[in-house]
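As a plain string of letters, each chain reads:
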Amino acid sequence: MKIELTEEQSMIQQMARDFAVRDVEPKARELDKEGRWPAELVARMGELGLMGLAIPDEHGGAGADNVSYALAMEEVSRACASTGVIMSVNNSLVCDPLYKFGNDDQKKRFLQPLASGQKLGCFGLTEPASGSDASNMETVAEDKGDHFIVNGAKNWITNGPHADVIILFASHDRAAGAKGTTAFVIEKGTPGFTQNARDHKLGIHAAHSCTVFFENVRVPKENVLGGKGMGFKIAMSTLDGGRIGIASQALGIARAALEKATEYAKVRKAFGEPIANKQAIQFMLADMATELDAARLLTLRAAAMKDKAVKDPSIRHSKESAMAKLFASEAATRITHKAIQIHGGYGYSTEYDVERHYRDARITEIYEGTSEIQRVVIAANTLKG
Ligand code: CAA
């Protein structure tokens, strides 16, 4: 078994690192404090190919693989978790299903501008009354022959206030549950589709999310993604990829916290010596470094499996993606928690970055499926054998 990046993967990692260190990191604290949407960084990510990294170039993407995507996500998220998730949603939750399930016309109309970063997308699955129980949705799409009429609301929609396009999941037959779900591509400006003001959250302040509303929205049949009734499978298969993106975001947050805790431990003195000389601190750093590496190995394994699945759609990586997200997100919470502990009182201050990393880590255990849902997916696949 080889654990070695290819030349191209290393190049993309380096490109993302250069961008993150030069352009993103210096702004991260201000973006968080002000809750400012990083429009200039989103535009720059488009120019660098980071908004459709694993989409072939003939569809506007960078033509890289999913391992490169995971590596780039870690770099951007290390600098700013908000910028990371904006990138992740556009790549994993919007471009990926359009590439996998879209027809030629949809690829030309929607995927091309989204993957090249000219437009921004969001993903509408969660509703006020159904998050984990995703197939139990109240948003309905009435089939009128050549079009559907959509009514309902979706919430916690990351990128929602700024997105040009939403991949929307709605029920055309509520009694049929998962099988009665259809996916649609709906553009901003479609009459009856409105976006609420942004949400206020514990962390990822610069990655705006909101509730979106659909009131008698007329959606032409051409905007159905993957066929009527395919919606739930599209959502699940999309999340198998999205969870790799969030695992990578968690890696980036955790790495930033570990790096800062390590530096701090070397310069902060207590009892006449740097606290890094104390075994209590060393053991914390050892656990943090070990968990980070374990999380990265799980994440890269899932990404490598997704690359295999691109060539062979019979390959499913649901379990591997869920394991990566579960472990990386919970490790990020533990690692950022310890980073604050190592910083002592300063870690609790907004003058230091580790409190931001701690707040940002927390959401990775919740969105794109809570830790409990990841365990459900892992257990179901383990029992299946
Ligand atoms: N790929 C393809 N098909 C899949 C699939 C997958 N990974 N997983 C399930 N399916 C299929 C099943 O095979 C089944 O089809 P058949 O009946 O034909 O066999 C169908 O989908 C229904 O499957 P289940 O019976 O397993 O469905 P369920 O209702 O029990 O739900 C669940 C399973 C795992 C709990 C699912 O509802 C789930 O993942 N919930 C969490 C939702 C979630 O992650 N939401 C995140 C929102 S997005 C977000 O957070 C974005 C953001 O802001 C950043």
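Residues numbered from 1 in each chain as written. Predicted model: local features only at pLDDT ≥ 70, side-chain atom pairs only at ≥ 80, totals over all residues. Heavy atoms only, no water.

1. Quick word on the site of the ligand
Of all residues adjacent to the ligand, which total 26 residues, the nearest are Ser132, Thr158, Lys179, Lys233 and Asp240. Lysine 233 has a polar side-chain atom sitting 2.8 Å from an oxygen atom of the ligand. At the level of elements, helix H4 (81–101), strand S3 (147–158), helix H6 (231–267) and helix H10 (371–384) are the ones that each hand at least two residues to the shell around the ligand. In terms of residue count, the dominant contributor to the shell around the ligand is H6 (7 residues). Counted by class, the shell around the ligand contains 12 nonpolar, 8 polar and 6 charged residues. Two domains each put at least three residues into the shell around the ligand: domain 2 (122–231) and domain 3 (236–384). (Near = heavy atom within 4 Å. Polar contact = N/O pair within 3.5 Å; in protein donor to acceptor, adjacent residues only side chain to side chain. Helix = DSSP H or I, 4+ residues; strand = E, 2+ residues; numbered from the N terminus. Nonpolar A, V, L, I, M, F, W, Y, C, P; charged D, E, K, R; others polar. Domains from an automatic or database assignment.)

2. Looking at the packing of aromatic side chains
Counted by the stated rule, this structure contains 5 aromatic pairs. Plain terms: the ring middles of phenylalanine 123 and phenylalanine 169 are 5.0 Å apart, the flat faces sit at 65 degrees to each other, and that makes the pair edge-to-face. Linking phenylalanine 123 in strand S1 (residues 121–124) with phenylalanine 169 in strand S4 (residues 165–171), this pair joins segments that are 46 residues apart in sequence. For phenylalanine 169, a relative accessible area of 0% gives the class buried. Between tyrosine 346 and tyrosine 352, the ring centres sit 5.5 Å apart and the planes meet at 50 degrees, which makes this aromatic pair tilted. Overall, tyrosine 352 belongs to the partly exposed group, its relative accessible area being 30%. We note arginine 334 situated over the ring of phenylalanine 327; from NZ or CZ to the ring centre the distance is 5.8 Å. (Phe/Tyr/Trp six-rings, centres within 6.5 Å; stacked < 30°, edge-to-face > 60°. Buried < 20%, exposed > 50% of the residue type's maximum accessible area, 1.4 Å probe, protein only. Lys NZ or Arg CZ within 6 Å of the ring centre and 35° of its normal.)

3. Quick word on the domain arrangement of the protein chain
Domain annotation of the protein chain identifies domain 1 (7–120), domain 2 (122–231) and domain 3 (236–384). Just the C-alpha atoms count here: the centres of domain 1 and domain 2 sit 22 Å apart. Contact with domain 1, which involves 25 residues of that partner, is made by 22 residues of domain 2. For the pair domain 1 and domain 2, the two sides together bury roughly 2,100 Å², of which 64% comes from carbon and sulfur. By the criterion of area lost to domain 2, the three top residues of domain 1 are Trp37, Phe110 and Leu120, representing 28% of everything that side buries. For the pair domain 1 and domain 2, the number of links is 0 salt bridges. Where domain 1 touches domain 2, the interface holds 9 residue pairs in polar contact (both at pLDDT 80 or more). Among the elements of the structure, helix H1 (7–34), H4 and helix H5 (104–115) are those that each provide at least two residues to the side of domain 1 that touches domain 2. It is H4 that contributes the most residues to the side of domain 1 that touches domain 2, 11 residues altogether. Split into classes, the residues belonging to the side of domain 1 that touches domain 2 amount to 15 nonpolar, 5 polar and 5 charged. (Contact = heavy atoms within 4.5 Å. Buried area = accessible area lost by both parts, 1.4 Å probe. Salt bridge = Lys/Arg side-chain N within 4 Å of Asp/Glu carboxyl O.)

4. Brief notes about the nonpolar core
Looking at soluble globular proteins, one finds that nonpolar side chains tend to be buried together. Core analysis: the biggest nonpolar cluster contains 88 residues, and Leu50, Met87, Leu98, Phe169 and Ile342 have the highest contact counts within it. Of all the elements, H6 adds the most residues to this core, at 16 residues. Among all residues touching isoleucine 342, those that are not within four sequence positions of it are Ala261, Tyr264, Ala265, Ile275, Ile281, Met284, Leu285 and Met288. Among the nonpolar cores identified, the runner-up in size contains 18 residues, and Val150, Ile166, Phe193 and Phe214 belong to it. (Core = buried A, V, L, I, M, F, W, Y, C linked by side-chain atoms within 4.5 Å.)

5. A word on the pairing of strand S5 (residues 181–187)
The buried fraction of S5 amounts to 6 of the 7 residues, a majority that puts the element mostly inside the structure. For S4 and S5, the ladder comprises 7 bridges, and the chain directions are antiparallel. When the sheet's bridge partners are listed, isoleucine 166 is paired in S5 with isoleucine 186. As paired strands, S5 and strand S8 (residues 224–225) are joined by 2 bridges and run antiparallel to one another. Residue pairing across strands places alanine 183 opposite leucine 225, the latter belonging to S8. (Pairing = 2+ DSSP bridges.)

6. Here we look at the pattern of salt bridges
Applying the stated criterion across every chain, the model contains 30 salt bridges. When the shortest N-O distance is used, the salt bridge between arginine 109 and aspartate 105 registers 3.0 Å. Of this pair, arginine 109 and aspartate 105 both sit in helix H5, 4 residues apart, roughly one helical turn. A relative accessible area of 34% places arginine 109 in the partly exposed class. Arginine 296 is the salt-bridge partner of aspartate 293, the closest N and O atoms lying 3.2 Å from each other. On the criterion of helical spacing, the pair formed by aspartate 293 and arginine 296 is a turn pair, its members being 3 residues apart in helix H7 (residues 279–311). By relative accessible area, aspartate 293 is classed as partly exposed at 44%.

7. A few points about the packing of H6 against helix H8 (residues 318–343)
A pair of packed helices is characterised by two quantities: the angle between their axes and the separation of those axes. Close contact between H6 and H8 brings their axes to 8 Å; oriented N to C, the two are set at 20 degrees. Overall, the two elements H6 and H8 adopt an arrangement that is roughly parallel. In this structure, the crossing between H6 and H8 has a hand that is left-handed. In terms of residue class, the contact of H6 with H8 is built from 17 nonpolar, 5 polar and 4 charged. (Axes fitted to C-alpha atoms, helices over the stretch in contact; angles between N-to-C directions. Parallel < 35°, antiparallel > 145°, perpendicular 65-115°, else oblique. Left-handed = near helix turned anticlockwise from the far one by under 90°.)

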